[in-house]
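Okay, here's what each chain looks like letter by letter:
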Amino acid sequence: MEEAEEAAAAAAAPLGSSGGAGPSATSWLQRLCSEVFRSSQRSVPVAEAPPLAVVAVERYAAESPPPRSALPKPPAPAYCYDVTLADGSRREKCCLAPALNGLVQRNALRAGCRVRLARCSYLYDEKKLSSGFLCLEALEVLRGPADLGREPDQPRRRPLRGGRSHYLPLWNSEDPYGDIWLASRPPQRVEIDVSRLTSLGQLEMNWRSGINVSPLLVRILHKSRLRYYGKPDKKLDVPYQIGLDALKSSRNIKCYVPKAAYFEVADSSGMMSMVLWNSLCPEWYKSMKINTVLLLEQYGVKTSFPFKTQPTPRDSQMKRFTTIEISLNIRDPPTKINIIPEKMVKPEWRLPEVRYQFVTRSELDNLPNNHSCDIIGLVTFVGRAERTRKKEYGEDFWLYRWAHAVDGTSDQPFILELFTTSQPDVFELIHPMTYLVCTQMRVVRDITENTPRTLYLTTSNESQMFITGWHKGQPYTRDSKVKSFIQWIKTQSEADQIKKTVIGGYYPFPPAPNTFLKYCKNNKVESVLKAISETKRETEDLHYREHKRIAVQGIISAIRYVSYAAEDTSGVDPIQKDKVQSTSQTTVKSTGVTKDCVTKGKKQSHRNKEAKSLFDSQRGSLEQQQHPKKSRIKRKIEHRTEAENLHEFQQENSVPEQNLLAAPDASQPSRADKEGVNDRPDIEEMGRTCHDSWQSDLWTKVKDNLVDHLHYGTVFPESIPRKFDYMHKEFLIQQYNLHPSVKKPKEYITNKEIHEFKSASGLGHYEVTILGINHDVAIDVAFLPIFCPGDPYLFHAEDIQNDTLLSCMNCISLCQQETASNEKFYDTCPLSNETVKAAVDLDRQHVICILDICRLSEDKVEVFLNKIYKIMETDVVNLV
């Protein structure tokens, strides 16, 4: 009742007055609470409100709506949001009216922004004897970052509505979030009476006898992701269980099995599933790691759920007990759990070791679809975090990102589809140049294609991910292929590898199939195809970082090339600059490039020095596990961030002879410096006819008479893959993760914007106009020709080789790639004769265009052309 008493005490101070002495009396938020609290109106307009800082936006399950009447009503929201505001002297947690949920879902209302309130109400929870709270019913999101001032952090409290005890992560439901999740439970010294123990084999034989179960001593071999199964009509306080059905590619997800939650534990007799339920999850989940030894007492035993997924055992000789599972709950009966320190584990207990099945990239080509394996590699590319819906029109999302990793056994990288594995501290910190280990990965390959175009690995329900800083103590450090990877790393040059690294941007993978028939094999044509007029609704319904792939019919009617300003330093968004520029503008741009090259020369030495010990730092982390007695690094701090490890290693290994790389010769220009020099030949010297735009005769006749023309041809700076800059690692990581729920102080210092980082793709993009087949609507979309001269396998140009128009449009990147070996980037023709001819060949033809759409944030929606199918293909005609 403290807040209600404060509000009542401040009632004499009307909104807009100082209202007395003390810090709280000067708080505009407190005076607002007082005025709304005293008002006889249910909803109170707010006049002359000052800008307020948004400190946090937090999500939780909505309460069950009342029974519906016979009249149709829109579905009730599944989640509510609490918003913490600050006015410079006070912080106030308010609930957000459900009508404003869309502001959060589009990431317009977010931590760190500023808002101006327009209407509020004062609400009570009728099921609690507690104070009320402000409800925000109307507000304006202002431009510019918020100044949070120096208000002290208030202790975290429960959600304001619905009797929930905890918050969920803001953008998915599989990650632990909030203070209720204990970081660790320390191992305990307990006396183990081996004579009282039972084995898993004996438990399966005797569990129906009604005899009280004896204690179990087991080792954790597999651990699955968290599964949140809370719904508005669920009364469970903490509705968690560990695990979920196997997560294949998000494009194949139809539904999930609601009771497939488990660890896999084993003793000398075999392996069995173990389920951790509800309130025990926040208490024990983070402490129950792979290889942890548990002493279990007073546990439950239940018949195993028949449809849950199973991890692939690495020991083919181990027996599996699949008829029953161990149930750990806070009651019925209350389970007693003890973690046994590894140094207390005795050989006579005969607990099995954790085993792995690591494969190299060269071996991957021969593995069948859905094969399970483990991998280790050096990360060369990390995509942005994206989301996809679990159910159409639902509010629950899978969270994932793409990554590439190399291991030296093949020119091609591992392509990895990484869904969150309830390890947010790892998932959010995956970045180029880190060592990545992924376990229980599944092979995905297109078995219908004659050539293995589509080949990648995706996480399963039991996958775990580890990066530099998390390798210590992991059993895989003793694996022979992990040791081989470390030996390969010793032969590599950090400076050469870091040139190949890329982060973020649009990533057109997996490629669309070669034919529309294969694209539609799991769907009806009527449900796959969207009208162009429906595209606007599709984009408006997108949530923050939600990615979808849709198909529309139309006619390719116009193409325009848009060039980026090379190394632009003018402060103007380079994405919107046109290729055609005046002589004076060209001179300014050239001057900017020259100046930037000088800056690069000054920074290059520092970058190389920083890169020198990067491999050594990470490799040492793994080698210390393999040879702990040979380690020469004395660790004085047990828990350190990767950045601290890198800094300490650089200090300890500052002697140049101890590093793999020789110091760069300052007298010789570096390749990075050469790349900045503007020595491109004139286009006329290349002997080709050049165009920067093309439009069909049909388009010139109908473009002024359209009912609607949708413009989605803009390419935002966030859509362009960027070269990774280790000096700005923290900034780049933050840019391509999802926006945090709570505003935190910056942990990095940078004066650069994202568009100032070097593009890893081409020098521009295409704007393609698709006319509707009824000639009444049109849509402009973007096509991004992408390549990376440092890593030709990063973006696969062969994925569009049977698509004539897109192949020709992509040739600008291929030509640039050919000249990359000469360390020069020629300004090749944006619209070559071949491109124009391919466009003319499609003139007035009905085609099917596959579009990738994604909401980047707020009103920024990218729409990229991924594939073009000709309607007259035989297999497409057979679908009708």
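Values in this document were obtained by computation on a predicted structure and should not be read as measured data.

Criteria and cut-off values
- Residues numbered from 1 in each chain as written.
- Predicted model: local features only at pLDDT ≥ 70, side-chain atom pairs only at ≥ 80, totals over all residues.
- Heavy atoms only, no water.
- Helix = DSSP H or I, 4+ residues; strand = E, 2+ residues; numbered from the N terminus.
- Buried < 20%, exposed > 50% of the residue type's maximum accessible area, 1.4 Å probe, protein only.
- Contact = heavy atoms within 4.5 Å.
- Areas by Shrake-Rupley, 256 points an atom, 1.4 Å probe, with all protein chains shown as cover.
- Pairing = 2+ DSSP bridges.
- Axes fitted to C-alpha atoms, helices over the stretch in contact; angles between N-to-C directions.
- Arc of directions from axis to C-beta.
- Core = buried A, V, L, I, M, F, W, Y, C linked by side-chain atoms within 4.5 Å.
- Polar contact = N/O pair within 3.5 Å; in protein donor to acceptor, adjacent residues only side chain to side chain.
- Salt bridge = Lys/Arg side-chain N within 4 Å of Asp/Glu carboxyl O.
- Phe/Tyr/Trp six-rings, centres within 6.5 Å; stacked < 30°, edge-to-face > 60°.

Peer 1: Could you clarify how one ought to interpret the overall build of the protein in this entry?
Peer 2: Within the protein, the secondary structure is distributed over 21 helices and 32 strands. A burial count over the protein gives 55% of its 880 residues as buried. Put simply, of all contacts in the protein between residues at least 6 apart along the chain, 75% involve residues at least 24 apart. Carbon and sulfur atoms make up 50% of the accessible area of the protein, which amounts to about 40900 Å² in all.

Peer 1: Would you mind showing me how to read the sheet that holds strand β13 (residues 300-303) here?
Peer 2: Backbone-to-backbone hydrogen bonds join strands into a sheet, with any given pair of strands oriented parallel or antiparallel. Pairing is mixed in the open sheet, where seven strands are placed in the order β13-β14-β11-β10-β7-β12-β15. Whereas interior strands pair on both sides, the edge strands pair on one side only; in this sheet they are β13 and β15 (336-340). When the angles between neighbouring strand axes are averaged without regard to direction, this sheet yields 40°. Of the pairings in the sheet, the one linking β13 to strand β14 (residues 320-328) comprises four bridges and is antiparallel in character. The partner of Lys302 across the bridge, within β14, is Glu325.

Peer 1: How should helix α12 (residues 532-540) be read in this particular structure?
Peer 2: Counting along an α-helix, one turn takes 3.6 residues, and residues three or four places apart therefore face a common direction. Within the span of α12, buried status applies to Ile532, Thr535, Glu538 and Thr539. Projected down its long axis, α12 shows its buried positions confined to an angular sector of 90°, all on one face. Exposed and oriented more than 90 degrees from the buried face of α12 are Ser533 and Arg537.

Peer 1: Just checking my understanding: could you explain the nonpolar core for this structure?
Peer 2: Across soluble globular proteins, nonpolar side chains show a tendency to be buried alongside one another. In terms of nonpolar packing, the biggest core is built from 58 residues, with Leu85, Leu109, Leu117 and Leu416 touching the most fellow members. Among the elements that take part in this core, helix α2 (residues 28-38) stands out by supplying five residues, more than any other. For Leu85, the contacting residues outside a window of four places in its chain are Leu29, Leu52, Ala53, Val54, Val55, Arg90, Arg91, Glu92, Cys94, Val115, Leu117 and Leu136. Core analysis: the second largest hydrophobic core is formed by 47 residues, Leu221, Leu276, Leu328 and Tyr476 among them.

Peer 1: Where do I start with the side chain of Thr454 in this structure?
Peer 2: Topologically, Thr454 is positioned in the loop between β20 (435-445) and β21 (455-459). We classify Thr454 as buried; its relative accessible area is 9%.

Peer 1: For this particular structure, what's the right way to read the environment of Tyr869?
Peer 2: Within the element layout of this structure, Tyr869 appears in strand β32 (residues 860-870). What makes Tyr869 buried here is its relative accessible area of 1%. When sequence neighbours within four positions are dropped, the list of residues in contact with Tyr869 reads Ala512, Pro513, Asn514, Thr515, Phe516, Tyr519, Val847, Ile848 and Ile850. Polar side-chain contacts of Tyr869 include one of 2.6 Å to the backbone oxygen of Pro513.

Peer 1: What exactly am I supposed to notice about the pairing of strand β11 (residues 270-276) here?
Peer 2: Along any regular strand the residues' side chains alternate between the sheet's two faces. Buried residues dominate β11, accounting for seven of its seven residues. Taking every second residue as pointing to the same face, both faces of β11 are buried, with Gly270, Met272, Met274 and Leu276 on one and Met271, Ser273 and Val275 on the other. Sheet topology places strand β10 (residues 263-267) next to β11; five bridges connect them, and they run antiparallel. Directly across from Ala266, in β11, lies its bridge partner Met271. Taking the residues between adjacent antiparallel strands as the criterion, β10 and β11 are bridged by two residues. Relative to β14, β11 runs parallel, the two being bridged by six bridges.

Peer 1: Is there a simple way to think about unusual backbone geometry in this case?
Peer 2: Peptide bonds are mostly trans, and most non-glycine residues show a negative phi. Note that the residue after Phe509, namely Pro510, is joined by a cis bond; omega there is 0°. Note on placement: Pro510 falls in the loop between β23 (502-503) and α10 (516-519). Of note in this structure, Ser422 is not a glycine but carries a positive phi near 60°. As for its placement among the helices and strands, Ser422 is situated in the loop between β19 (414-419) and α7 (424-427). One non-glycine residue, His775, lies in the positive phi region at around 60°. Looking at the element boundaries, His775 is found in the loop between β29 (764-771) and β30 (777-783).

Peer 1: Got a minute to help me understand the pairing of strand β7 (residues 216-223) in this structure?
Peer 2: Summarising burial for β7: eight of the eight residues are buried, a large majority. Here β7 pairs with β10 via four bridges, running antiparallel. Residue pairing for β10: Lys223 is matched across the bridge by Phe263.

Peer 1: Just to check I follow, could you spell out the pattern of salt bridges for this structure?
Peer 2: Once their charged atoms are close, side chains differing in charge can pair, the charge on each being opposite to the other. Evaluated as defined, the whole model comprises 22 salt bridges. A salt bridge links Glu538 to Lys548; the shortest N-O distance between them is 2.6 Å. Separated by ten residues along the polypeptide, Glu538 in helix α12 and Lys548 in strand β25 (residues 547-563) bring together distant segments of the chain. With relative accessibility at 13%, the residue Glu538 sits in the buried group. A single network of salt bridges, built from pairs that share partners, joins Arg384, Glu386 and Glu862.

Peer 1: Which parts of the structure should I look at to understand the packing of aromatic side chains?
Peer 2: Centre distance and the angle of the planes are the two values used to describe a pair of aromatic rings. Enumeration over the complete set of coordinates arrives at 26 aromatic pairs. Consider the rings of Tyr356 and Phe358, whose centres lie 5.7 Å apart with planes at 40°: the pair is tilted. Exposure class is identical for Tyr356 and Phe358. Each is buried. Between the aromatic rings of Trp402 and Phe509, the centroid separation amounts to 5.3 Å while the plane-to-plane angle is 80°, which identifies the pairing as edge-to-face.

Peer 1: So what exactly am I meant to see when it comes to the environment of Gln492 here?
Peer 2: Position of Gln492 among the secondary structure elements: in the loop between α8 (480-490) and α9 (494-498). For Gln492, a relative accessible area of 19% puts it in the buried group. Sequence-wise, Gln492 and Gly408 are 84 residues apart; in three dimensions their C-alpha atoms are separated by 9.3 Å. A distance of 2.9 Å separates a polar atom in the side chain of Gln492 from a polar atom in the side chain of Thr491. Among the polar contacts listed, one links the side chain of Gln492 to the side chain of Gln497, at a separation of 3.1 Å.

Interpretation in functional terms is not warranted from these geometric data alone.
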